[in-house]
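If you want the building blocks of each chain, they are given just below.
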Amino acid sequence: MKKLVFVSIISISFLGGTGQRGWSQCINRFDLIGKPCGGTIETAVPFLRIIPDARSAAMGDAGIALSADANAMHFNASKLAFAEDRLGIAISYTPWLRNLGFKDIYLSDLAGFFRFGKNENRQQAIGFEVKYFSQGEVQLTDEMGKIIGLSYPREVETAFSYTRQLNSSLALGVTAKYIYSNLTFGFKGYGGIDFIPYADSWAGDFSMTYKNLSLRVDNRQI
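Residues numbered from 1 in each chain as written. Predicted model: local features only at pLDDT ≥ 70, side-chain atom pairs only at ≥ 80, totals over all residues. Heavy atoms only, no water.

### Comments concerning the overall build of the chain
The number of helices and strands found in the chain is 2 helices and 11 strands. The order of α-helices and β-strands along the chain, N terminus first, is β-α-α-β-β-β-β-β-β-β-β-β-β. When each of the 222 residues of the chain is scored for burial, the buried share is 36%. Counting contacts in the chain only where the partners sit at least 6 residues apart, residues at least 24 apart contribute 60% of the total. Summing over all exposed atoms, the chain offers an accessible surface of approximately 13,600 Å²; the carbon and sulfur share of this is 58%. (Helix = DSSP H or I, 4+ residues; strand = E, 2+ residues; numbered from the N terminus. Buried < 20%, exposed > 50% of the residue type's maximum accessible area, 1.4 Å probe, protein only. Contact = heavy atoms within 4.5 Å. Areas by Shrake-Rupley, 256 points an atom, 1.4 Å probe, with all protein chains shown as cover.)

Structure representation (structure tokens):
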């Protein structure tokens, strides 16, 4: 009996070409009227951490340890070289925070891959993924709490990967990503402030998967 053991490592992640075109109410730790922002959360594009597929989410976000399918694009693209199928597509829809009463916040995800190669131990794969996150309708207010408009925040990530199997146990992958965030979509401006209400960036990942084809128990290979 053989037992498959997957070890996946996201070795290096980097950001490049970050667009300095974003606007928010907190700039250099000060708001629009010069007061310190205090405990303002400055995390960017947190939607990238949301697990898109039901299987991985139901198993405690254990997507790296599961068998390879199209959803490997979210966790570790190098797994695609070990996929059993030549072609795969995954479509997911996640109603985010639905139990808190939010009905217009959701994450939709489309991912796919194509595996090719004549040598069974030298397989290659290309993959893609598109994430779209809608945060519904948001009321914008001024410093006095007066409603000044509505916005419909939208965020998108597109990713393309190439994976190559080096031997029967090891595969490497590289992924290029484009990330777009517009948190004030539909808002026309306020108080004469001139801003471009979006930010975008390029990003990339290097990934590795090691697959152990056997398991030793009591010094015996099974």
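### Topic: empty space enclosed by the protein
In this structure the tally under the stated criterion is 1 cavity of 30 Å³ or more. In this structure, the largest cavity encloses a volume near 40 Å³. Considering the residues around the largest cavity, the lining is formed by Asp53, Arg55, Ser56, Gly63, Ser67, Asp69, Asn71, Ala72, Phe75 and Lys79. Where the lining of the largest cavity is concerned, the elements lending two or more residues are helix H1 (54-58) and helix H2 (72-75). (1 Å grid on protein atoms, 1.4 Å probe; cavity = no way out; pocket = protein on both sides within 12 Å on 5 of 7 lines; lining within 4 Å. Points joined across faces, edges and corners; volume = space filled by probe spheres on them.)

### Some remarks on the packing of aromatic side chains
Applying the stated criterion across every chain yields a total of 5 aromatic pairs. The interplanar angle of 0° and the centroid separation of 5.9 Å between the aromatic rings of Phe47 and Phe133 together place this pair among those described as stacked. With Phe47 in the loop between strand E1 (5-16) and H1 and Phe133 in strand E4 (residues 124-135), the pair connects residues that are 86 residues apart, well separated along the chain. Judged on exposure class, the residue Phe47 and its partner Phe133 are both buried. Their ring planes at 45° and their centres at 6.2 Å tell us that Tyr106 and Tyr132 sit as a pair that is tilted. Taken as a pair, Tyr106 in strand E3 (residues 105-116) and Tyr132 in strand E4 lie far apart in primary sequence, 26 residues in all. Among the aromatic residues, ring-to-ring pairing joins Tyr93, Tyr106 and Tyr132 into one connected group. (Phe/Tyr/Trp six-rings, centres within 6.5 Å; stacked < 30°, edge-to-face > 60°.)

### Some details on a nonpolar patch on the surface
Together, Leu87, Phe114, Ile126, Tyr162, Val174 and Phe206 make up an exposed nonpolar region whose accessible area comes to about 530 Å². Its location among the elements puts Val174 in strand E8 (residues 170-182). (Patch = residues over 30% accessible without salt bridge, like charges linked within 9 Å, V, L, I, M, F, W, Y side chains within 5 Å. Salt bridge = Lys/Arg side-chain N within 4 Å of Asp/Glu carboxyl O.)

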